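Structural description and commentary
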There are 2 protein chains.
Amino acid sequence: MENLPSTAPSVARLIGELNKLPGVGPKSAQRLAYHLIRMPDAAKALADAVIGVKERVFFCSQCQNLTDIDPCTVCSDPRRDQSQVCVVEGPLDILAVERTNCYRGTYHVLHGVISPMNGVGPEELKLKELAARLKDSGVEEVIIATNPTLEGEATAMYIQRNISPLGTKVTHLARGLPVGGDLEYADQTTLTRAFQGRTEL
Amino acid sequence: MENLPSTAPSVARLIGELNKLPGVGPKSAQRLAYHLIRMPDAAKALADAVIGVKERVFFCSQCQNLTDIDPCTVCSDPRRDQSQVCVVEGPLDILAVERTNCYRGTYHVLHGVISPMNGVGPEELKLKELAARLKDSGVEEVIIATNPTLEGEATAMYIQRNISPLGTKVTHLARGLPVGGDLEYADQTTLTRAFQGRTEL
């Protein structure tokens, strides 16, 4: 962050905080800051939303997705098929899957992926919660929808190895997904194909 | 904003507010929202900064720049040349000029530009404040640094016509600036040249 002696300290602080956000450079941070100053209502709404999310959001006790009611809207929806659980790396992946309108089961959010390079082992992920959930419920199929990357595949293999003994069917998304890509950015057709062509591990 | 039934309402609200920011699309808004949720300290700092700026920032009584002390750090700096006033459209333009390190005078922020298309007339800008400032002070030169656009040029002409009777020298930045461009994005060399080659209106 460049030093800005001509900027009021509270403005410089806001620019600094905005500059820390992913994908927001110093120029964008300045633009955003002055936008917020020009639009005090937008600024207040944003601050309230940030504080609100901080206060109200927690993990759903069933699927571990972010929620402000427990169980979350998906887990408590009677129209969702509780016998299917789609395992994803993060909450954004759920949004991508929901956009396809081809899946009516429930989810399980790992909140990460096994990555020895980054010091993330299986115990950092919500895997204990997944195992506990499978034991005492009528889940018939676990659809693993981790990203088609090295770490995602390794995580999928790890989950498959740990779940198979429980007798639950384990599938993973078909290789309609472009390998090396990011599930969050897959187009809807590709993701729908991947759902339809899922294969047993 | 797409409808996100699988998203907690407070998360959807945060995504919605972020999506309203200039240059932030739905995907970026989602990424930013989940970043803020994953980093509660960053979220708190951002919310505090947004609220802080809303509470503490006002217009400097002399130059009309955003400040949290009055007069602002530039106006109250004894090393700045109070006989020169550089007139800019917005606070970001001051940052661009400061980056060149070639100007040691003071500023005057118009907070806009005359634009009949957008219903902005001279009375919407901080022009009365500029006239008042020139009357009772030792300002010897007004350097007009509005953007080299149609509206910027029209605003410059308007200011020149109103200030000339006061006997103050009025200059504007040399046409080293790429016409049609945006002062905020001019590179430092071009902007320095423009400062050095300023010509009397």
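Please refer to the structure higher up on the page.
Residues numbered from 1 in each chain as written. Chains lettered and ligands numbered in written order. Predicted model: local features only at pLDDT ≥ 70, side-chain atom pairs only at ≥ 80, totals over all residues. Heavy atoms only, no water.

**Section: the overall build of chain A**
Basically, it comes down to this: Secondary structure elements follow DSSP: runs of H or I no shorter than four residues count as helices, runs of E no shorter than two count as strands, and numbering proceeds from the N terminus. With a 1.4 Å probe rolled over the protein chains alone, any residue whose accessible area is under 20% of its type maximum counts as buried; one over 50% counts as exposed, and the rest are partly exposed. Two residues qualify as a contact provided that any one of their heavy atoms is within 4.5 Å of a heavy atom in the partner residue.
A tally of helices and strands in chain A yields 7 helices and 7 strands. Start at the N end of chain A and walk to the C end: the helices and strands fall as α-α-α-β-β-β-α-β-α-β-α-β-α-β. A buried classification covers 54% of the 201 residues belonging to chain A. For chain A, restricting intrachain contacts to residue pairs at least 6 apart in sequence, the fraction spanning at least 24 positions comes to 55%.

**Some points on the relation of the copies chain A and chain B**
Put simply, the rule is: When the copies are superposed, the least-squares fit takes in the C-alpha atoms of residues with a pLDDT of at least 70 in both.
Least-squares fitting of chain A to chain B yields an RMSD of 0.0 Å, with the transformation described by 0.0 Å of translation along the axis and a rotation of 180 degrees. This pairing of chains is accounted for by a two-fold axis. Relative to the rotation axis, the C-alpha of A:Ala47 is the closest in chain A, positioned 2.3 Å from it. Here 100% of the interface residues in chain A have copies in chain B that are interface residues too; the copies meet face to matching face.

**A word on the environment of B:Glu153**
Residue and element names in this part refer to chain B. Examined against the element boundaries, Glu-153 turns out to sit in helix H6 (residues 150–163). Residue classification places Glu-153 among the partly exposed residues on the basis of a relative accessible area of 28%. The spatial distance from the C-alpha of Glu-153 to the C-alpha of His-172 is 9.7 Å, given a sequence separation of 19 residues.

**Details of the nonpolar core**
Let me state the cut-off plainly: Only buried Ala, Val, Leu, Ile, Met, Phe, Trp, Tyr and Cys residues count toward a nonpolar core, and they belong to the same one when joined by side-chain atoms within 4.5 Å.
Among the nonpolar cores identified, the biggest contains 46 residues, and A:Leu14, A:Leu18, B:Leu14 and B:Leu18 are the most heavily contacted of them. Elements with a minimum of two residues in this core: helix H1 (9–19), helix H2 (26–38), helix H3 (40–56) and helix H4 (91–100) of chain A together with helix H1 (9–19), helix H2 (26–38), helix H3 (40–56) and helix H4 (91–100) of chain B. Discounting residues that sit within four places of it in the chain, B:Leu14 has contacts with A:Leu46, A:Ala49, A:Val50, A:Val53, B:Ala33 and B:Leu36.

**What to know about the pattern of salt bridges**
This is how it is decided: Salt bridges are defined as contacts in which a side-chain nitrogen from Lys or Arg sits within 4 Å of a carboxyl oxygen from Asp or Glu.
One pass over the full model with this rule turns up 8 salt bridges over all chains. Here A:Lys20 ties to A:Glu17 by a salt bridge, and the two come within 3.2 Å at their closest N and O atoms. Judged by relative accessible area, A:Lys20 falls into the exposed class, the value being 58%. The class of A:Glu17 is buried, set by a relative accessible area of 11%. For the salt bridge of B:Glu98 with B:Arg80, the shortest nitrogen-to-oxygen distance reads 2.9 Å.

**Re the interface of chain A and chain B**
Basically, it comes down to this: What gets called buried area is simply the loss in accessible area from a 1.4 Å probe that two parts show on being joined, summed for both. In protein, a polar contact means a hydrogen-donor-capable atom and an acceptor-capable atom, both N or O and within 3.5 Å, with residues adjacent in sequence counting only if both atoms are side-chain atoms; elsewhere, any N or O pair within 3.5 Å suffices. Asp, Glu, Lys and Arg are counted as charged, while Ala, Val, Leu, Ile, Met, Phe, Trp, Tyr, Cys and Pro are counted as nonpolar; the rest, among them Gly, fall into the polar class.
Every contact between the two is made by 56 residues of chain A and, on the other side, 56 residues of chain B. Here chain A meets chain B over a buried area of about 5,000 Å², counting both sides, of which 66% is carbon and sulfur. The tally of links from chain A across to chain B stands at 0 salt bridges. Linking chain A with chain B are 4 residue pairs in polar contact (both at pLDDT 80 or more), by the criterion used here. Of all the secondary-structure elements, those providing two or more residues to the side of chain A that touches chain B are H1, H2, H3, strand E2 (66–67) and H4 of chain A. Per-element accounting of the side of chain A that touches chain B gives the leading share, 15 residues, to H3(A). Per-class residue counts for the side of chain A that touches chain B are 32 nonpolar, 9 polar and 15 charged.

**Brief notes about the environment of A:Ile15**
All names here are of chain A. For Ile-15, the location among the structural elements is in helix H1. Judged by relative accessible area, Ile-15 falls into the buried class, the value being 0%. Note: C-alpha distance between Ile-15 and Lys-27 (12 residues apart in sequence) is 9.1 Å.

**A word on H6(B)**
This is how it is decided: To estimate how far a helix should extend, the number of its residues minus one is multiplied by 1.5 Å.
When the terminal C-alpha atoms of H6(B) are compared, their 20 Å separation across 14 residues agrees well with the 20 Å that a helix rising 1.5 Å per residue should span. Taken together, the buried residues of H6(B) touch strand E3 (81–88), helix H5 (127–135), strand E5 (141–144) and strand E6 (169–172) of chain B.

**Remarks on the packing of aromatic side chains**
Each aromatic ring pair is summarised here by two numbers: the centre-to-centre distance and the angle between the ring planes. All names here are of chain A. For clarity, the cut-off: Two rings belonging to Phe, Tyr or Trp (six-membered ring only in the last case) form a pair when the distance between their centres is within 6.5 Å. Interplanar angles under 30 degrees mark stacking, angles over 60 mark edge-to-face geometry, and anything in between is tilted.
In this structure the tally under the stated criterion is 2 aromatic pairs over all chains. Taking 5.4 Å as the distance between ring centres and 65 degrees as the angle between the ring planes, the aromatic pair formed by Tyr-103 and Tyr-107 counts as edge-to-face. Grouping residues by exposure puts Tyr-103 and Tyr-107 together as buried.

**With respect to the environment of B:Phe58**
Residue and element names in this part refer to chain B. Looking at the element boundaries, Phe-58 is found in strand E1 (residues 58–59). Classification of Phe-58 as partly exposed rests on a relative accessible area of 35%. C-alpha separation for the pair Phe-58 and Cys-72, spaced 14 residues apart in sequence, amounts to 9.9 Å. Discounting chain neighbours no more than four positions away, the residues touching Phe-58 are Asn-65, Leu-66, Thr-67, Asp-68, Ile-69 and Asp-70.

**Observations regarding the packing of H4(A) against H2(B)**
Stated formally: Only the stretch in contact is used when a helix axis is fitted, and all axes are lines through C-alpha atoms; the angle between N-to-C directions ranges over 0 to 180 degrees.
As a packed pair, H4(A) and H2(B) sit with axes 10 Å apart at the nearest point and diverge in direction by 145 degrees. Contact with H4(A), carried on its side by A:Pro91, A:Leu92, A:Leu95 and A:Arg99, involves B:Lys27, B:Gln30, B:Arg31 and B:Tyr34 of H2(B) and no other residues of that element. Along the lines of polarity and charge, the residues of the contact of H4(A) with H2(B) split into 4 nonpolar, 1 polar and 3 charged.

**As for the state of the cysteines**
Spelled out, the test is: Cysteine sulfur atoms are paired as a disulfide whenever they come within 2.5 Å of each other.
Counted by the stated rule, this structure contains 0 disulfides over all chains. Cysteine A:Cys86 is unpaired, with the sulfur of A:Cys102 as its nearest cysteine sulfur at 9.2 Å.

By themselves these figures say nothing about function.
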